[in-house]
Amino acid sequence: MDYGFSNEKQSKVALISSKSSFSVMGIQKKLQESGIEGVPVRPSIFQIEEAIDESEPIIYYLDDEIYTPSGEDFLNEMRKLCLEQERLLILVGEEAEYEKATEIIPKSAIVGWFNRPVDMDALMETLEKALGGEIKPARQRHILIVDDDATYMRMLHEWMKGRYQITMLDAGTKAIHWLMDNSQNVDLILLDCEMPSMDGPTVFRMLKEDPGSRNIPVMFLTGKSDRDMVIRAVGLGPEDYILKSIDKKELMDKLEDFFGRLKTMEDSDQEEVSDGKTGVVF
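Rules of the game
Residues numbered from 1 in each chain as written. Predicted model: local features only at pLDDT ≥ 70, side-chain atom pairs only at ≥ 80, totals over all residues. Heavy atoms only, no water. Helix = DSSP H or I, 4+ residues; strand = E, 2+ residues; numbered from the N terminus. Pairing = 2+ DSSP bridges. Axes fitted to C-alpha atoms, helices over the stretch in contact; angles between N-to-C directions. Parallel < 35°, antiparallel > 145°, perpendicular 65-115°, else oblique. Left-handed = near helix turned anticlockwise from the far one by under 90°. Contact = heavy atoms within 4.5 Å. Salt bridge = Lys/Arg side-chain N within 4 Å of Asp/Glu carboxyl O. Buried < 20%, exposed > 50% of the residue type's maximum accessible area, 1.4 Å probe, protein only.

**Q** Kindly report on unusual backbone geometry, identifying the contributing residues and their values.
**A** In this model, Arg116 is joined to Pro117 through a cis peptide bond whose omega is -5 degrees. Look at Glu86: it is not a glycine, yet its phi comes out positive at around 55 degrees. Relative to the assigned elements, Glu86 resides in the loop between helix 3 (69-85) and strand 4 (89-92). One non-glycine residue, Ser197, adopts positive backbone phi at about 70 degrees. With respect to the helices, strands and loops of the structure, Ser197 is situated in the loop between strand 8 (188-192) and helix 8 (200-209).

**Q** Give a detailed account of the sheet that holds strand 5 (residues 110-114), specifying residues and quantitative values.
**A** Spatially, 2-1-3-4-5 is the arrangement adopted by the five strands of the open sheet, whose pairing is parallel. Of all strands in the sheet, those bounded by a partner on one side alone are strand 2 (36-41) and strand 5. In this sheet, neighbouring strand axes are inclined to one another by 25 degrees on average, regardless of whether the strands run parallel or antiparallel. In terms of strand pairing, strand 1 (residues 11-16) meets strand 3 (residues 58-61) through three bridges, oriented parallel. Bridge assignment links Ala14 to a residue of strand 3, and that residue is Ile58.

**Q** Would you mind going over the packing of helix 7 (residues 172-182) against helix 8 in detail, with residue names and values included?
**A** At a closest axis distance of 10 Å, the pairing of helix 7 and helix 8 adopts a crossing angle of 15 degrees. Relative to helix 8, helix 7 is oriented roughly parallel. For the pair helix 7 and helix 8, the crossing hand works out as right-handed. Residue-level contacts link Gly172, Ile176 and Leu179 of helix 7 to Val203, Met206 and Leu207 of helix 8.

**Q** Break down the pattern of salt bridges for me, citing the residues and quoting the values.
**A** With the rule as written, the count across this model stands at 17 salt bridges. Among the ionic pairs, Glu99 bridges to Lys107, the shortest N-O distance being 3.9 Å. The class for Glu99 is partly exposed, based on a relative accessible area of 34%. Lys174 is the partner of Asp170 in a salt bridge, and the nearest nitrogen-oxygen pair spans 2.9 Å. Salt bridges sharing common partners tie together Glu72, Lys100 and Glu103.

Functional significance is not addressed by these values, which are geometric in nature.
Given below as structure tokens:
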């Protein structure tokens, strides 16, 4: 099968593996047959950066090494690499290994996952899209938290700081003024429903009336789980609402699901622009 890779300059892919195996050699052979140089590297950020350019994909072949302290350290380094440098990451591994890896690396930062035995044709198709610019890398998302409870905000910051850029403001008026100059850099607002002076619903309405901030998704934070509060919050049309009693895993899963859907929409919009379907490109 011809995957259409350009011969002008041979594309490279970093193939990370902690040990040699027939499966890894099989992937490397398929890459070679497809005109791609698969550069084998050990789990080392230095080796990755030496092996390939920032625009070239990474295939990480997972194994039981990820369950060790050094393996977890490398997963944390990979998370930073993918989000800070916007690298294209493909994972190969069993479902349990994938779930372990995505406890540290956001699923939204992974452009493909292939269970073993690997569907080589599907892997090559994903690489073709990555090398052709059809799949965009993840970037570190920026979340604005607006809440008058400083202790609660600090807790959220501790939970999320490894995956997201966080800005915290303790009043709705501060958020509105801050967004006048920074709205283009915010991907999501977590907005407390109940604040003194200006409550969450009032802030929400003002944000939606302003052209600069109206398209920023908002999730309400509410300390009340009663039906009336939920109905009131949902009735305003936010992206979602979050009970403050939520635990870390539930919150991170909710955010991961949201940003995953957001990236899918962004990739779809970019594909339409590339195909010339939108008419005007700014």
